[in-house]
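# Structural overview
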Number of protein chains: 2
Amino acid sequence: MRNAEFDREKVLRSAMNAFMSKGFANTSMQDIKKATGLHPGSIYCAFENKRGLLLAALEQYRLDKETEFKQFFPTNKSVTDNLKTYLESVVTECISCDNTQACLMTKSLNETAEQDLEIQKITSDNLARFQQALADKFEQAKKENSIALEKNSEHLARYFLMGIYGLRTFAQTHPEPIVLKQLAEQLYQDVLR
Amino acid sequence: MRNAEFDREKVLRSAMNAFMSKGFANTSMQDIKKATGLHPGSIYCAFENKRGLLLAALEQYRLDKETEFKQFFPTNKSVTDNLKTYLESVVTECISCDNTQACLMTKSLNETAEQDLEIQKITSDNLARFQQALADKFEQAKKENSIALEKNSEHLARYFLMGIYGLRTFAQTHPEPIVLKQLAEQLYQDVLR
DNA sequence: TCCTTTCTTGAATGTTCATTCAAGATACTC
DNA sequence: GAGTATCTTGAATGAACATTCAAGAAAGGA
């Protein structure tokens, strides 16, 4: 008997970062070895192949982001304030120009869109799940009387998500903090109007 | 003496489509051969290498998109109506789920961001140029009294562009026409409010 | 302490790919 | 119509890559 030596979560987070900064196709096994510290054999033993590593990394990313998202919504503050804080954190993430600036879901969706239906489904489903989480928050905001009852929570969630996508792409060309904050501010205003 | 047989613009448009549907890294020379009808030797003779082909395709894309954009702004109609028509055309393009749905600029920016500074600069500059074209339209809209004079044209252009980016990404997960049209409609309202 | 089981290692493998190049084809010039 | 310059062709090349595997290392059980 002998247990695996590596920490699965750490390895997956390293792999996530590698995929986010270089993309899946441009990340070689050597890059992965450098990032994770694991030799090819171990990777193949644990995740079957490079694609399997991406699938596992996507799942870990989902878990991490869901946990992170929940932490932005403490019940002692209003949902709308929390949404604002969350949006500001997205901007902060965009500004801190490290390789983690992209979203692994959208990046993978973009790269493997037409070529890998399973990955397309996984990423689409996860983004839809995030959208639903947002819709739940808007529904809650109605109960707190922060937004009008006649508003459609699902539409608001879609629009907010669209804004985040846009913000992220925009940040790749203009990483100027002031500009990004201004855009986020208007997005927030427009959604909560 | 002998002239080249192929039509450079046609070849570049075929290459553009190949790169947009599969991405740069995932498009092999065989794919390019199939798409353009040109054998490797001819490609290398005309564009130096695969990357050179991308650079030429990016330039052609810019030219094509600038021409297309101008056609959306006939002077016999109001700028705001033209902007609306343009936005609707973006949605239509997203819906017609063919491989041309993505924008070659953002796709290339996403894929080669950290690895190729020259391509990063080219794509960023071209997107900034597009943003300026939008700002000009908003400035013009002020003169037509369609938007308030105190509005900042540059901010409006950035926000509008952010919306287009978001719309395009959103369309990859939800290509439902009604939803996309609704999002575009609100974007238009929010910008012109 | 030794044995067995499992994990780790990294060189070897075979494939895919961008790129090259020499032979062949074609159009233009004189 | 012959000669030449240029373009086209596609097989050959070599590099990079994902993947495999057999040998070595380490941990737990007896």
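Check the entry above for the structure.
Residues numbered from 1 in each chain as written. Chains lettered and ligands numbered in written order. Predicted model: local features only at pLDDT ≥ 70, side-chain atom pairs only at ≥ 80, totals over all residues.

## Re the overall build of chain A
Convention followed: Strands are runs of DSSP state E lasting at least 2 residues, helices are runs of H or I lasting at least 4, and numbering of each runs from the N terminus. Counting other C-beta atoms within 10 Å of its own, a residue is labelled buried from 20 upward, exposed at 12 or fewer, and partly exposed in the gap between, with every C-beta atom placed from the backbone. The contact criterion used here is simple: two residues whose C-beta atoms, placed from the backbone, lie within 7 Å are in contact.
Counting secondary structure elements, chain A contains nine helices and zero strands. Going from the N terminus to the C terminus, chain A shows its helices and strands as α-α-α-α-α-α-α-α-α. A principal-axis box enclosing the C-alpha atoms of chain A has dimensions of 60 × 40 × 35 Å. Counting across all 193 residues of chain A, residues that qualify as buried make up 37%. Counting contacts in chain A only where the partners sit at least 6 residues apart, residues at least 24 apart contribute 61% of the total.

## Digging into the packing of helix α9 (residues 177-192) of chain A against helix α8 (residues 153-173) of chain B
What counts here: A fitted line through C-alpha atoms serves as each axis, taken over the contacting stretch for helices, and the angle formed by two N-to-C directions is quoted from 0 to 180°. Note on terminology: angles under 35 degrees are roughly parallel, angles over 145 are roughly antiparallel, angles of 65 to 115 are roughly perpendicular, and the others are oblique. Nonpolar residues are Ala, Val, Leu, Ile, Met, Phe, Trp, Tyr, Cys and Pro. Charged residues are Asp, Glu, Lys and Arg, and all others, Gly as well, are polar.
At their nearest, the axes of α9 of chain A and α8 of chain B sit 10 Å apart, and the two run at 70° to each other. With respect to α8 of chain B, the element α9 of chain A is oriented roughly perpendicular. Between α9 of chain A, through Val-179, Gln-182, Leu-183 and Gln-186 of chain A, and α8 of chain B, the contact on the second element is made entirely by His-155, Arg-158, Tyr-159 and Met-162 of chain B. In the contact of α9 of chain A with α8 of chain B, the residues fall into four nonpolar, three polar and one charged.

## A few points about the interface of chain B and chain A
Chain B puts 35 residues into the contact, and the matching count from chain A is 35 residues. At 13 residues, the largest contribution of residues to the side of chain B that touches chain A is made by α8 of chain B. Of the residues contributing to the side of chain B that touches chain A, the split by class is 13 nonpolar, 16 polar and six charged.

## A closer look at the relation of the copies chain B and chain A
Our working definition: Here the copies are matched by least squares. The fit uses the C-alpha atoms of residues with pLDDT of at least 70 in both.
Between chain B and chain A, the superposition needs a rotation of 180° and an axial shift of 0.0 Å, giving an RMSD of 0.0 Å. On the angle and the small slide along the axis, the relation comes out as a two-fold axis. Residues of chain B ranked by C-alpha distance from the rotation axis are headed by Gly-166 of chain B, positioned 1.9 Å from it. Taken as a fraction of all interface residues of chain B, those also at the interface in chain A reach 100%, which identifies the copy contact as same-surface.

## Some remarks on the nonpolar core
The condition that has to hold: Residues enter a nonpolar core if they are buried, belong to Ala, Val, Leu, Ile, Met, Phe, Trp, Tyr or Cys, and are joined to the set through C-beta atoms within 7 Å.
Among the nonpolar cores identified, the biggest contains 50 residues, and Leu-167 of chain A together with Leu-167 of chain B are the most heavily contacted of them. Going through the elements one at a time, α5 (79-95), α7 (117-143), α8 (153-173) and α9 of chain A together with α5 (79-95), α7 (117-143), α8 and α9 (177-192) of chain B are the ones with two or more residues in this core. In this structure, Leu-167 of chain A is in contact with Val-90, Val-91, Cys-94, Leu-180, Leu-183 and Ala-184 of chain A together with Met-162 of chain B, ignoring residues within four places of it in sequence.

## Considering unusual backbone geometry
All names here are of chain A. With phi around 75°, Glu-48 is a residue other than glycine that occupies positive phi space. Among the secondary structure elements, Glu-48 is positioned in the loop between α3 (40-47) and α4 (50-71). Taking the C-beta count within 10 Å as the criterion, Glu-48 has 12 such neighbours and is therefore assigned exposed.

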